[in-house]
Amino acid sequence: MRAVQITDLSGPDSALELVELEEPDASHPMTPGEGVVVDVHAAGVAFPEVLQTRGQYQVKPPLPFVPGSEVAGIVRSASPGAGFAAGDRVAAFCMLGGFAEVAVAPPWMTFALPGTLDFAQGAGLILNYHTAYFSLKLRGRLREGETVLVHGAAGGVGTAALQVAKGLGARTIAVVSSDDKERVARDGGADEVVRSEGPWKDAAKELSDGGVDVVLDPVGGDRFTDSLRSLRENGRLVVVGFTAGSIPDVKVNRLLLNNVEVVGAGWGAYAMSRPELVRETAAELHRLADEGFVAPIVSERFPLERAAEALKLIDERRATGKVVLELAG
Ligand SMILES: NC(=O)c1ccc[n+]([C@@H]2O[C@H](COP(=O)([O-])OP(=O)(O)OC[C@H]3O[C@@H](n4cnc5c(N)ncnc54)[C@H](OP(=O)(O)O)[C@@H]3O)[C@@H](O)[C@H]2O)c1
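As a convention, each chain's residues are numbered from 1 in the sequence order in which they are written. Where local features are concerned, this predicted model is filtered to residues with pLDDT of at least 70; where side-chain atom pairs are given and counted, the filter is 80 or more; whole-chain, interface and lining totals use all residues. Heavy atoms from the whole structure form the basis of all side-chain values; hydrogens and water molecules are not counted.

(A) View of the site of the ligand. If even one non-hydrogen atom of a residue comes within 4 Å of a molecule or strand, that residue is called near it. Near the ligand, the surroundings consist of 22 residues, among which V157, S177, K181, A265 and W267 are the closest. What qualifies as a polar contact is a pair of N or O atoms within 3.5 Å, subject to a donor-acceptor requirement within protein and to the restriction that residues adjacent in sequence count only when both atoms come from side chains. At 2.6 Å from an oxygen atom of the ligand is found a side-chain nitrogen or oxygen belonging to S177. The separation between an oxygen atom of the ligand and a polar main-chain atom of W267 is 2.7 Å. For every accessible area listed, the method is Shrake-Rupley and the probe measures 1.4 Å; residues are considered covered only by the protein chains on display. In isolation the ligand offers 910 Å² of accessible surface; the protein chains occlude 86% of this area. Residue classes in the shell around the ligand are distributed as 11 nonpolar, 8 polar and 3 charged. Ten residues, namely Ala, Val, Leu, Ile, Met, Phe, Trp, Tyr, Cys and Pro, are considered nonpolar, four, namely Asp, Glu, Lys and Arg, are considered charged, and the remaining ones, Gly among them, are considered polar.

(B) Molecular detail of the nonpolar core. The biggest cluster of nonpolar side chains holds 54 residues, and the ones touching the most others in it are L136, L142, V148, V164, A185, W267 and V294. When checking whether two residues touch, look at their non-hydrogen atoms; a contact exists if any pair is within 4.5 Å. What V164 contacts, discounting residues up to four positions off in sequence, is Y129, A132, Y133, L136, L285 and V294. Among buried residues, those of type Ala, Val, Leu, Ile, Met, Phe, Trp, Tyr and Cys that are joined through side-chain atoms within 4.5 Å constitute a nonpolar core. For every residue, the accessible area (1.4 Å probe, protein chains only) is compared with the maximum for its type, and the residue is labelled buried under 20%, exposed over 50%, or partly exposed between those bounds. Counting 40 residues, the second-largest nonpolar core is a separate cluster that includes V40, A82, V104 and L325.

(C) Broad picture of the pattern of salt bridges. One speaks of a salt bridge when a side-chain nitrogen belonging to Lys or Arg is within 4 Å of a carboxyl oxygen belonging to Asp or Glu. Counted under the stated rule, the structure contains 26 salt bridges. In this structure, R195 and D179 form a salt bridge, with 2.8 Å as the shortest nitrogen-oxygen distance. Here D179 lies in helix 5 (residues 179-187) and R195 lies in strand 10 (residues 192-195), a separation of 16 residues in the sequence. Classification of D179 by relative accessible area gives partly exposed; the value is 48%. The structure contains a network of salt bridges with shared partners spanning D179, E182, R186, R195 and E197. Strands are runs of DSSP state E lasting at least two residues, helices are runs of H or I lasting at least four, and both sets are numbered from the N terminus onward.

(D) Quick look at the packing of aromatic side chains. In this analysis, rings of Phe, Tyr and Trp, with Trp reduced to its six-membered ring, are considered paired at centre separations within 6.5 Å, and the interplanar angle assigns stacked below 30 degrees, edge-to-face beyond 60, and tilted for intermediate values. By the definition in use, this model includes 2 aromatic pairs. Look at F134 and Y270: their rings are 4.9 Å apart centre to centre, the planes differ by 40 degrees, and that puts the pair in the tilted class. Separated by 136 residues along the polypeptide, F134 in helix 3 (residues 127-139) and Y270 in helix 9 (residues 267-271) bring together distant segments of the chain. Since its relative accessible area comes to 5%, F134 is described here as buried. Sitting over the ring of F119, R89 keeps its end group 5.2 Å from the ring centre. Comment: the charge-over-ring label is applied if NZ (Lys) or CZ (Arg) is within 6 Å of the ring centre and within 35 degrees of the ring normal. Between the NZ or CZ atom of R274 and the centre of the ring of Y270, over which it lies, the distance is 3.6 Å.

What follows is the structure in structure tokens.
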């Protein structure tokens, strides 16, 4: 099969190579002897793969390796008891190995693809939407009728968070940096959009009648203090990532003075030891897809051999929604 490998740590421009490899068996390293083999129609591209081309991600497999944490496609074969059969349409979280014509995933990380979604959308369904649901509902305790402010709202996690929040009955305020990203955030279901270079904190407080209930922050950096200031009493700031590059400090007196919380949300580490939680989240997301709330916004599609361009789009802050590699399947 054709696959793209990371062969050195020189960055997205030069670290990738198109190669021919043996196809995987129905056995995943996380579930030895068990696995679902998928004919990949689309592979999701995300921030971690950019970091992996520089050796900057926490997961550092020995070189060379095939990156790609999530795919969508058609089941080719599955180990007995996996719950899937040849021909099933699925979205699957394979951790690594997704940038290939054939990938293998653990059965408990493989899900029926909602009928409302195509393969490219399926390749954007697991990482971002499970993170969004986990961050908003479980960590942020978002309730119906509350207001949530989403940073990086035109990005992968951001658009997922807007859609999931709407599905949970919340009102959404998106923070974005450009006109293009404003359009994407509105497509994602933002009720209000404010600009990151403007007085977004004051605008958010005005739009939420004094303060938002939840801030979802995949960006970090120097906007953090204003995020805390934009919360109402009992508000929760959920820390999801640091695309701005710097990890903010918290002056904890602000938490005391305003009775607000800062909550961490690291989906991967939490979910990997909780198959039941992952299944429940997948079922909720399937329901939200059926109801029309969850529909990943695919902004860019590249063939496998142009994977480097996909990574550079993310690296250069030009990506919106989900970037995918499309394969013939
Ligand atoms: N905690 C978890 O479990 C978890 C799970 C998945 C992903 N993540 C993390 O969440 C973060 C967002 O991932 P994503 O897939 O949504 O990324 P993305 O699609 O590239 O979106 C990130 C957004 O961050 C904003 N941003 C602000 N400063 C930036 C900068 N200097 N460089 C790049 N972007 C910048 C951009 O929006 P504006 O231009 O509008 O500001 C961009 O749209 C990443 O750090 C990722 O590793 C965490």
